[in-house]
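Commentary on secondary and tertiary structure
Okay, here's what each chain looks like letter by letter:
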Amino acid sequence: MIVNSWNEWDPLKHVIVGKADNCHIPAPEPALDAKVPEDSDMKGSWGRRTQETIDRANELLDNFSRQLENLGIVVDRPTPIDFSQPIKTPDFKAESQFGCMPPRDVLLTVGSEILEATMSYRCRWFEYLCYRPLLQKYWENDSNFRHESAPKPRLTDKDYYPDYLSEKIGDTKRLEWAAKKFFVTTEEEPLFDAADILRFGKDLVVQHGFTTNCKGIEWLNRHFPNHRVHTVNFPGDPYPIHIDATFTPLRPGLILNNPNRRLPQEQRKLFNDNDWEIVDSAQPAHNSPPPLCYSSTWLSMNVLVLDHKTVCVEKSEVYQAEQIDALGMNVIEVDLRDAYAFGGGLHCCTADVYREGNCQDYFPKQ
Ligand code: DAV
(Lines give C-alpha, C1' and ligand atoms only; values in the text may rest on other atoms or scores of the structure.)
Protein backbone atom coordinates (compact mmCIF):
# COMPACT_ATOMS: atom_id res chain seq x y z
CA MET A 1 0.00 0.00 0.00
CA ILE A 2 1.45 3.38 -1.00
CA VAL A 3 -1.30 5.92 -0.39
CA ASN A 4 -2.99 6.22 3.01
CA SER A 5 -3.58 9.36 5.08
CA TRP A 6 -6.68 10.25 7.07
CA ASN A 7 -5.66 13.21 9.15
CA GLU A 8 -3.05 15.92 9.73
CA TRP A 9 -1.15 14.33 12.65
CA ASP A 10 -0.61 10.56 12.47
CA PRO A 11 3.01 9.44 11.86
CA LEU A 12 4.11 10.69 8.44
CA LYS A 13 5.98 8.13 6.32
CA HIS A 14 5.76 9.41 2.72
CA VAL A 15 5.26 12.94 1.45
CA ILE A 16 5.54 15.12 -1.66
CA VAL A 17 7.68 18.26 -1.31
CA GLY A 18 7.24 20.97 -3.97
CA LYS A 19 9.85 22.59 -6.20
CA ALA A 20 10.50 26.23 -7.03
CA ASP A 21 11.72 25.67 -10.62
CA ASN A 22 10.63 28.25 -13.14
CA CYS A 23 8.04 29.74 -10.80
CA HIS A 24 6.17 32.75 -12.19
CA ILE A 25 4.33 35.64 -10.66
CA PRO A 26 1.13 35.22 -12.66
CA ALA A 27 -0.36 37.96 -14.77
CA PRO A 28 -3.38 39.75 -13.30
CA GLU A 29 -6.60 37.72 -13.21
CA PRO A 30 -9.73 38.08 -11.07
CA ALA A 31 -9.15 35.53 -8.28
CA LEU A 32 -5.50 36.39 -7.88
CA ASP A 33 -6.03 40.14 -7.85
CA ALA A 34 -8.52 39.75 -5.03
CA LYS A 35 -5.90 38.00 -2.89
CA VAL A 36 -2.77 40.10 -3.48
CA PRO A 37 -2.85 42.62 -0.62
CA GLU A 38 -3.55 46.17 -1.77
CA ASP A 39 -0.26 47.51 -0.42
CA SER A 40 1.78 44.55 -1.70
CA ASP A 41 5.00 44.94 -3.69
CA MET A 42 3.53 42.34 -6.04
CA LYS A 43 0.78 44.60 -7.39
CA GLY A 44 1.29 45.13 -11.08
CA SER A 45 4.40 42.98 -11.49
CA TRP A 46 4.35 39.62 -13.22
CA GLY A 47 6.65 37.22 -15.02
CA ARG A 48 9.33 34.71 -14.12
CA ARG A 49 10.90 35.09 -10.71
CA THR A 50 14.64 35.77 -10.73
CA GLN A 51 16.94 32.77 -11.03
CA GLU A 52 18.67 33.78 -7.82
CA THR A 53 15.44 33.60 -5.78
CA ILE A 54 14.43 30.35 -7.51
CA ASP A 55 17.81 28.76 -6.69
CA ARG A 56 17.59 29.88 -3.08
CA ALA A 57 14.04 28.53 -2.66
CA ASN A 58 15.10 25.23 -4.21
CA GLU A 59 18.08 25.00 -1.90
CA LEU A 60 15.72 25.30 1.08
CA LEU A 61 13.17 22.86 -0.32
CA ASP A 62 15.96 20.35 -1.05
CA ASN A 63 17.34 20.74 2.48
CA PHE A 64 13.87 20.26 3.96
CA SER A 65 13.44 17.10 1.85
CA ARG A 66 16.76 15.78 3.16
CA GLN A 67 15.77 16.59 6.74
CA LEU A 68 12.61 14.53 6.28
CA GLU A 69 14.50 11.68 4.61
CA ASN A 70 16.94 11.59 7.51
CA LEU A 71 13.93 10.96 9.74
CA GLY A 72 13.01 7.94 7.63
CA ILE A 73 10.28 9.66 5.61
CA VAL A 74 10.10 8.92 1.87
CA VAL A 75 10.07 12.15 -0.13
CA ASP A 76 8.86 12.50 -3.71
CA ARG A 77 9.21 15.62 -5.85
CA PRO A 78 6.98 16.92 -8.67
CA THR A 79 8.03 17.40 -12.29
CA PRO A 80 7.72 21.12 -13.06
CA ILE A 81 6.26 22.09 -16.43
CA ASP A 82 7.08 25.22 -18.41
CA PHE A 83 5.09 27.78 -16.45
CA SER A 84 5.91 30.56 -18.92
CA GLN A 85 3.43 28.98 -21.34
CA PRO A 86 0.16 30.88 -21.59
CA ILE A 87 -3.03 28.89 -21.06
CA LYS A 88 -5.90 29.03 -23.46
CA THR A 89 -9.13 27.09 -23.16
CA PRO A 90 -12.37 27.79 -25.07
CA ASP A 91 -13.39 29.91 -22.06
CA PHE A 92 -10.37 31.90 -20.89
CA LYS A 93 -6.80 32.89 -21.49
CA ALA A 94 -4.06 33.32 -18.87
CA GLU A 95 -0.75 34.94 -19.84
CA SER A 96 1.40 32.63 -17.72
CA GLN A 97 1.10 29.92 -15.10
CA PHE A 98 2.33 29.78 -11.54
CA GLY A 99 4.60 26.96 -10.27
CA CYS A 100 4.58 23.76 -8.20
CA MET A 101 5.99 24.77 -4.85
CA PRO A 102 2.74 24.16 -2.90
CA PRO A 103 1.36 20.66 -3.66
CA ARG A 104 -1.00 21.07 -0.67
CA ASP A 105 -3.11 23.50 -2.73
CA VAL A 106 -3.69 20.98 -5.51
CA LEU A 107 -3.74 17.50 -3.95
CA LEU A 108 -6.13 16.29 -1.26
CA THR A 109 -5.30 12.89 0.23
CA VAL A 110 -8.22 11.16 1.94
CA GLY A 111 -7.50 7.56 2.89
CA SER A 112 -6.34 5.71 -0.22
CA GLU A 113 -7.50 8.50 -2.52
CA ILE A 114 -5.64 11.50 -3.89
CA LEU A 115 -8.03 14.04 -5.37
CA GLU A 116 -6.88 16.81 -7.72
CA ALA A 117 -8.74 19.99 -6.71
CA THR A 118 -10.63 22.08 -9.27
CA MET A 119 -8.47 25.10 -8.34
CA SER A 120 -9.93 28.55 -8.66
CA TYR A 121 -7.16 30.63 -10.28
CA ARG A 122 -6.87 30.41 -14.05
CA CYS A 123 -3.06 30.36 -13.87
CA ARG A 124 -3.25 27.18 -11.79
CA TRP A 125 -5.55 25.24 -14.11
CA PHE A 126 -2.80 22.88 -15.38
CA GLU A 127 -0.76 22.62 -12.20
CA TYR A 128 -1.93 19.03 -11.61
CA LEU A 129 0.26 17.98 -14.56
CA CYS A 130 3.35 18.43 -12.37
CA TYR A 131 2.07 15.66 -10.07
CA ARG A 132 0.85 13.24 -12.74
CA PRO A 133 4.16 11.33 -13.05
CA LEU A 134 3.99 10.58 -9.31
CA LEU A 135 0.28 9.79 -9.26
CA GLN A 136 0.71 7.50 -12.21
CA LYS A 137 3.49 5.66 -10.41
CA TYR A 138 1.39 5.28 -7.25
CA TRP A 139 -1.49 4.02 -9.35
CA GLU A 140 0.65 1.39 -11.01
CA ASN A 141 2.16 0.15 -7.76
CA ASP A 142 -0.79 0.33 -5.37
CA SER A 143 -3.93 -1.45 -6.48
CA ASN A 144 -5.94 0.27 -3.74
CA PHE A 145 -4.98 3.79 -4.78
CA ARG A 146 -7.86 5.89 -6.11
CA HIS A 147 -6.61 8.67 -8.35
CA GLU A 148 -9.45 11.18 -8.71
CA SER A 149 -9.82 14.54 -10.35
CA ALA A 150 -12.63 16.98 -9.62
CA PRO A 151 -14.50 18.39 -12.66
CA LYS A 152 -12.31 20.99 -14.35
CA PRO A 153 -14.04 24.34 -13.92
CA ARG A 154 -14.67 26.67 -16.84
CA LEU A 155 -13.45 29.77 -14.97
CA THR A 156 -15.28 32.24 -17.16
CA ASP A 157 -15.86 35.80 -15.90
CA LYS A 158 -19.09 34.49 -14.36
CA ASP A 159 -16.99 32.76 -11.70
CA TYR A 160 -15.80 36.04 -10.16
CA TYR A 161 -17.58 39.04 -8.66
CA PRO A 162 -16.33 42.20 -10.40
CA ASP A 163 -16.61 44.11 -7.07
CA TYR A 164 -13.28 42.60 -6.05
CA LEU A 165 -11.51 43.91 -9.14
CA SER A 166 -11.42 47.46 -7.88
CA GLU A 167 -7.92 48.74 -7.10
CA LYS A 168 -8.72 50.04 -3.64
CA ILE A 169 -11.28 48.25 -1.54
CA GLY A 170 -9.71 48.69 1.88
CA ASP A 171 -9.68 46.30 4.83
CA THR A 172 -12.84 47.74 6.41
CA LYS A 173 -14.92 46.91 3.36
CA ARG A 174 -13.14 43.57 2.89
CA LEU A 175 -13.91 42.55 6.48
CA GLU A 176 -17.53 43.61 6.02
CA TRP A 177 -17.74 41.48 2.88
CA ALA A 178 -16.01 38.53 4.57
CA ALA A 179 -18.50 38.71 7.47
CA LYS A 180 -21.34 38.57 4.91
CA LYS A 181 -19.57 35.68 3.15
CA PHE A 182 -19.34 37.75 0.03
CA PHE A 183 -16.11 36.43 -1.52
CA VAL A 184 -14.56 36.92 -4.96
CA THR A 185 -15.78 33.57 -6.30
CA THR A 186 -19.45 33.23 -7.30
CA GLU A 187 -21.54 30.07 -7.18
CA GLU A 188 -21.39 29.57 -10.94
CA GLU A 189 -19.80 26.09 -10.59
CA PRO A 190 -18.03 24.02 -7.90
CA LEU A 191 -14.62 25.47 -6.98
CA PHE A 192 -12.13 24.43 -4.33
CA ASP A 193 -8.42 24.48 -3.59
CA ALA A 194 -7.23 21.46 -1.61
CA ALA A 195 -5.57 23.72 1.00
CA ASP A 196 -9.00 24.85 2.19
CA ILE A 197 -9.65 21.38 3.58
CA LEU A 198 -8.44 19.83 6.84
CA ARG A 199 -8.76 16.11 7.47
CA PHE A 200 -9.93 14.90 10.87
CA GLY A 201 -10.57 11.19 10.15
CA LYS A 202 -14.30 10.82 9.43
CA ASP A 203 -14.73 14.60 9.37
CA LEU A 204 -13.52 17.08 6.78
CA VAL A 205 -13.44 20.76 7.78
CA VAL A 206 -13.57 23.13 4.83
CA GLN A 207 -13.11 26.89 4.68
CA HIS A 208 -15.58 28.81 2.52
CA GLY A 209 -13.68 31.82 1.16
CA PHE A 210 -12.00 33.20 -1.96
CA THR A 211 -10.71 29.87 -3.26
CA THR A 212 -13.55 27.54 -2.24
CA ASN A 213 -17.24 28.23 -2.80
CA CYS A 214 -20.36 26.55 -1.37
CA LYS A 215 -20.81 24.43 -4.48
CA GLY A 216 -17.23 23.23 -4.10
CA ILE A 217 -18.04 22.14 -0.54
CA GLU A 218 -21.25 20.45 -1.69
CA TRP A 219 -19.24 18.67 -4.37
CA LEU A 220 -16.86 17.35 -1.69
CA ASN A 221 -19.83 16.32 0.42
CA ARG A 222 -21.25 14.20 -2.40
CA HIS A 223 -17.82 12.89 -3.39
CA PHE A 224 -17.02 11.61 0.12
CA PRO A 225 -20.33 9.98 1.18
CA ASN A 226 -18.70 8.24 4.16
CA HIS A 227 -17.39 11.52 5.58
CA ARG A 228 -19.07 14.40 7.35
CA VAL A 229 -18.17 17.66 5.69
CA HIS A 230 -18.28 20.86 7.78
CA THR A 231 -18.11 24.42 6.46
CA VAL A 232 -16.21 27.01 8.47
CA ASN A 233 -15.52 30.75 8.10
CA PHE A 234 -12.98 33.02 9.66
CA PRO A 235 -14.50 36.50 9.39
CA GLY A 236 -11.39 38.27 10.72
CA ASP A 237 -9.50 37.53 7.51
CA PRO A 238 -9.75 40.23 4.80
CA TYR A 239 -8.08 37.88 2.26
CA PRO A 240 -9.51 34.45 3.09
CA ILE A 241 -7.69 31.82 1.06
CA HIS A 242 -6.58 28.41 2.38
CA ILE A 243 -7.21 27.25 5.93
CA ASP A 244 -3.61 26.41 6.77
CA ALA A 245 -2.45 29.76 8.16
CA THR A 246 -5.63 30.04 10.24
CA PHE A 247 -6.63 26.72 11.81
CA THR A 248 -3.92 24.16 12.57
CA PRO A 249 -4.69 20.84 14.31
CA LEU A 250 -1.58 19.63 16.17
CA ARG A 251 -2.84 16.34 17.58
CA PRO A 252 -6.18 14.75 18.45
CA GLY A 253 -8.02 17.24 20.68
CA LEU A 254 -5.84 20.30 20.04
CA ILE A 255 -6.07 23.04 17.40
CA LEU A 256 -4.17 26.31 17.01
CA ASN A 257 -6.36 29.17 15.76
CA ASN A 258 -5.09 32.47 14.37
CA PRO A 259 -6.09 35.09 17.01
CA ASN A 260 -6.98 37.58 14.27
CA ARG A 261 -9.19 35.03 12.55
CA ARG A 262 -11.03 33.23 15.35
CA LEU A 263 -13.60 30.59 14.54
CA PRO A 264 -16.97 32.22 15.38
CA GLN A 265 -18.70 30.93 18.54
CA GLU A 266 -21.64 29.48 16.60
CA GLN A 267 -19.26 27.28 14.60
CA ARG A 268 -17.51 25.84 17.65
CA LYS A 269 -20.17 23.33 18.70
CA LEU A 270 -18.55 20.37 16.93
CA PHE A 271 -15.25 20.99 18.70
CA ASN A 272 -16.69 21.94 22.11
CA ASP A 273 -19.09 18.98 22.23
CA ASN A 274 -16.24 16.58 21.58
CA ASP A 275 -13.72 18.10 23.99
CA TRP A 276 -11.40 19.56 21.41
CA GLU A 277 -9.43 22.54 22.64
CA ILE A 278 -8.97 25.53 20.32
CA VAL A 279 -6.11 27.77 21.48
CA ASP A 280 -4.90 31.09 20.07
CA SER A 281 -1.68 30.62 18.19
CA ALA A 282 1.44 32.59 19.07
CA GLN A 283 2.21 35.79 17.14
CA PRO A 284 4.33 35.60 14.00
CA ALA A 285 7.97 36.60 14.45
CA HIS A 286 7.85 39.01 11.49
CA ASN A 287 5.98 42.26 10.89
CA SER A 288 5.72 41.74 7.16
CA PRO A 289 6.00 38.90 4.68
CA PRO A 290 9.21 38.51 2.63
CA PRO A 291 9.40 40.36 -0.73
CA LEU A 292 6.98 39.38 -3.52
CA CYS A 293 4.99 37.04 -1.27
CA TYR A 294 1.22 36.45 -1.53
CA SER A 295 0.85 35.03 1.91
CA SER A 296 0.54 36.86 5.20
CA THR A 297 2.95 36.73 8.15
CA TRP A 298 0.71 33.98 9.57
CA LEU A 299 2.65 31.38 7.67
CA SER A 300 4.13 31.11 11.17
CA MET A 301 1.25 28.68 11.86
CA ASN A 302 1.73 26.76 8.63
CA VAL A 303 3.53 23.92 10.39
CA LEU A 304 3.92 20.29 9.33
CA VAL A 305 3.03 17.75 11.99
CA LEU A 306 5.17 14.60 11.75
CA ASP A 307 3.47 12.64 14.53
CA HIS A 308 1.58 13.21 17.79
CA LYS A 309 4.71 14.58 19.45
CA THR A 310 6.73 16.19 16.63
CA VAL A 311 6.15 19.33 14.59
CA CYS A 312 8.24 21.05 11.89
CA VAL A 313 8.24 24.82 12.48
CA GLU A 314 9.96 27.46 10.34
CA LYS A 315 13.28 28.33 11.96
CA SER A 316 12.70 32.08 12.34
CA GLU A 317 9.21 31.61 13.86
CA VAL A 318 10.51 31.58 17.41
CA TYR A 319 7.21 32.42 19.15
CA GLN A 320 5.38 29.64 17.37
CA ALA A 321 8.16 27.21 18.25
CA GLU A 322 8.06 28.30 21.90
CA GLN A 323 4.31 27.77 22.08
CA ILE A 324 4.43 24.31 20.52
CA ASP A 325 7.23 23.36 22.89
CA ALA A 326 5.13 24.59 25.83
CA LEU A 327 2.26 22.44 24.56
CA GLY A 328 4.51 19.44 25.13
CA MET A 329 5.60 18.70 21.57
CA ASN A 330 9.09 18.52 20.06
CA VAL A 331 9.94 21.16 17.50
CA ILE A 332 12.08 20.50 14.43
CA GLU A 333 13.38 23.76 12.99
CA VAL A 334 13.27 24.10 9.22
CA ASP A 335 14.73 27.03 7.29
CA LEU A 336 12.10 27.95 4.70
CA ARG A 337 11.35 31.67 4.88
CA ASP A 338 13.16 32.53 1.63
CA ALA A 339 10.81 30.09 -0.15
CA TYR A 340 7.56 31.55 1.30
CA ALA A 341 7.05 33.77 -1.75
CA PHE A 342 6.82 30.71 -3.98
CA GLY A 343 3.54 29.60 -2.46
CA GLY A 344 3.63 29.27 1.31
CA GLY A 345 5.14 27.52 4.30
CA LEU A 346 5.86 24.01 5.55
CA HIS A 347 2.29 22.74 5.27
CA CYS A 348 1.76 24.35 1.85
CA CYS A 349 4.95 22.96 0.31
CA THR A 350 4.05 19.37 1.22
CA ALA A 351 1.25 16.91 0.44
CA ASP A 352 0.65 13.69 2.34
CA VAL A 353 1.07 10.34 0.63
CA TYR A 354 1.22 8.02 3.64
CA ARG A 355 0.55 8.44 7.32
CA GLU A 356 0.14 5.49 9.65
CA GLY A 357 -3.28 4.89 11.15
CA ASN A 358 -6.79 4.53 9.84
CA CYS A 359 -10.05 6.42 9.66
CA GLN A 360 -11.19 7.34 13.16
CA ASP A 361 -14.17 9.22 14.48
CA TYR A 362 -12.83 12.16 16.49
CA PHE A 363 -16.25 13.81 16.81
CA PRO A 364 -18.69 11.09 17.89
CA LYS A 365 -21.10 13.63 19.40
CA GLN A 366 -22.89 15.46 16.59
O1 DAV B 1 -2.50 33.97 5.64
O2 DAV B 1 -1.95 34.53 3.64
C3 DAV B 1 -1.77 31.65 3.31
C4 DAV B 1 -2.13 30.24 2.99
C5 DAV B 1 -1.22 29.63 2.03
N6 DAV B 1 -1.65 28.28 1.67
C7 DAV B 1 -2.42 33.72 4.44
C8 DAV B 1 -2.87 32.39 3.94
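All values derive from a computational prediction rather than experimental measurement. Position numbers for residues count from 1 along each chain, tracking the sequence in the order it is written. Local features in this predicted model are restricted to residues of pLDDT 70 or higher, and side-chain atom pairs are both shown and tallied only at a pLDDT of 80 or more, whereas totals for entire chains, interfaces and linings draw on every residue. With hydrogens and water set aside, each side-chain value is computed from the structure's full complement of heavy atoms.

**Points about the sheet that holds strand 19 (residues 350–355)**
When DSSP finds two or more bridges between a pair of strands, those strands are recorded as paired. Counting from the N terminus, the helices are DSSP H or I runs at least four residues long and the strands are E runs at least two residues long. Read across the open sheet, the three strands follow the order 4-1-19; overall the sheet is mixed. Each of the sheet's edge strands pairs with one partner strand only, and the pair in question is strand 4 (74–76) and strand 19. The mean inter-strand angle of the sheet, taken between neighbouring strand axes irrespective of direction, is 25 degrees. Two elements, strand 1 (residues 12–17) and strand 4, share three bridges in a ladder whose sense is parallel. Bridging from a neighbouring strand, histidine 14 pairs with valine 74 of strand 4. Running over the sheet, helix 2 (residues 51–70) touches strand 1, strand 4 and strand 19 and is turned about 165 degrees from strand 1. Where helices are involved, their axes are fitted lines through C-alpha atoms of the stretch in contact, as for all axes, and angles between N-to-C directions lie from 0 to 180°. Throughout, a residue-residue contact means that at least one pair of heavy atoms, one from each residue, lies within 4.5 Å.

**What about the layout of surface pockets?**
A water-sized probe, rolled over the atoms, reveals where empty space remains. When its volume is computed, the largest pocket comes out at roughly 480 Å³. In this analysis a 1.4 Å probe is tested at points of a 1 Å grid over the protein atoms alone, and where it fits but cannot get out there is a cavity; an open set with protein on both sides within 12 Å along at least five of seven lines is a pocket; lining residues have an atom within 4 Å of a point. Along the walls of the largest pocket sit 25 residues, with Pro37, Asp39, Tyr239, Pro289 and Ser296 positioned nearest its centre. Grid points are joined across faces, edges and corners, and a volume is the space filled by probe spheres set on the points.

**Examining the side chain of serine 40**
Looking at the secondary structure, you find serine 40 in the loop between helix 1 (30–35) and strand 3 (47–48). Residues adjacent in sequence count toward polar contacts only when both atoms are side-chain atoms; beyond that, a polar contact is any pair of N or O atoms within 3.5 Å, and within protein one must be able to donate a hydrogen and the other to accept it. Polar contacts involving the side chain of serine 40 include one to the side chain of aspartate 41, which spans 3.4 Å. In terms of polar contacts, serine 40 uses its side chain to reach the backbone amide nitrogen of methionine 42, at 2.9 Å.

**Focus on the environment of proline 153**
Here proline 153 is to be found in the loop between strand 9 (146–149) and helix 4 (171–179). A simple rule labels every residue: compare its accessible area, found with a 1.4 Å probe on the protein chains alone, to the largest value its type can have, and call it buried under 20%, exposed over 50%, or partly exposed in between. Taking the relative accessible area as the measure of exposure, proline 153 reaches 2% and is therefore buried. It is 37 Å that separates the C-alpha atoms of proline 153 and asparagine 287, two residues lying 134 residues apart in sequence. If we ignore the near neighbours within four places in the chain, the residues touching proline 153 are Thr118, Met119, Trp125, Glu189, Pro190 and Leu191.

**Details of the site of the ligand**
Being near a molecule or strand, for a residue, comes down to having at least one heavy atom within 4 Å of it. All residues adjacent to the ligand are Lys35, Ile241, His242, Asp244, Ala245, Arg261, Ser295, Ser296 and Cys348. One of the side-chain nitrogen or oxygen atoms of aspartate 244 is found 3.1 Å away from a nitrogen atom of the ligand. Its free accessible area being 280 Å², the ligand has 98% of it covered by the protein chains. With respect to the detected pockets, the ligand is housed in the largest cavity. In terms of residue class, the shell around the ligand is built from three nonpolar, three polar and three charged. Here the Shrake-Rupley method, with its probe set to 1.4 Å, supplies the accessible areas, and only the displayed protein chains count as covering residues. More than half of a molecule's atoms within 2 Å of the grid points is what it takes for that molecule to sit in a cavity or pocket. Residue polarity is assigned by list, with Asp, Glu, Lys and Arg as charged and Ala, Val, Leu, Ile, Met, Phe, Trp, Tyr, Cys and Pro as nonpolar; anything else, Gly included, falls into the polar class.

**A short note on the packing of aromatic side chains**
Only Phe, Tyr and Trp rings are paired, with Trp represented by its six-membered ring, and only when their centres lie within 6.5 Å; those with planes under 30 degrees apart are stacked, over 60 edge-to-face, the remainder tilted. Under the criterion given, the structure shown has 23 aromatic pairs. Here phenylalanine 234 and phenylalanine 247 contribute two aromatic rings whose centre-to-centre distance is 5.4 Å and whose plane-to-plane angle is 50 degrees, an arrangement assigned as tilted. Here phenylalanine 247 lies in strand 13 (residues 247–251) and phenylalanine 234 lies in the loop between strand 12 (228–232) and strand 13, a separation of 13 residues in the sequence. The residues phenylalanine 234 and phenylalanine 247 share a single accessibility class, namely buried. Members of the aromatic cluster, connected to one another through ring pairs, are Trp9, Phe200, Phe234, Phe247, Phe271, Trp276, Tyr362 and Phe363. Both a distance and an angle decide whether a charge sits over a ring: NZ of Lys or CZ of Arg must be within 6 Å of the ring centre and within 35 degrees of the ring normal. Lying across the ring of phenylalanine 342, arginine 49 places its NZ or CZ 5.0 Å from the centre. Its end group placed over the ring of tryptophan 125, lysine 152 keeps NZ or CZ at 4.6 Å from the ring centre.

**Observations regarding helix 3 (residues 132–141)**
All of the buried residues in helix 3 are Leu134, Leu135 and Tyr138. Down the axis of helix 3, the buried set is contained in an arc of 95 degrees. They therefore lie on one face. For helix 3, the exposed residues lying more than 90 degrees away from the buried face are Trp139 and Glu140. Its buried side turned inward, helix 3 meets strand 1, strand 4, strand 7 (107–110), strand 8 (113–116), strand 9 and strand 19. Think of it as the arc spanned by the lines of direction from the helix axis to the C-beta atoms.

**Some remarks on the pattern of salt bridges**
By salt bridge we mean one thing: a side-chain nitrogen of Lys or Arg within 4 Å of a carboxyl oxygen of Asp or Glu. On inspection of all chains with the given rule, the structure shows 26 salt bridges. The partner of lysine 173 in a salt bridge is glutamate 176, with the nearest N and O atoms 3.8 Å apart. Of this pair, lysine 173 and glutamate 176 both sit in helix 4, three residues apart, which is roughly one turn of the helix. Owing to a relative accessible area of 41%, glutamate 176 belongs among the partly exposed residues under this scheme. Between aspartate 273 and lysine 269 there is a salt bridge whose closest N-O contact spans 2.5 Å. Highlighted residues: aspartate 273 and lysine 269, both in helix 6 (residues 269–273), separated by four residues, approximately one helical turn. What makes aspartate 273 partly exposed here is its relative accessible area of 28%. In this structure lysine 269 comes out as exposed when scored by relative accessible area, which is 54%. Salt bridges here are not isolated pairs; linked through shared partners, they connect Glu8, Arg104, Arg199, Asp352 and Arg355.

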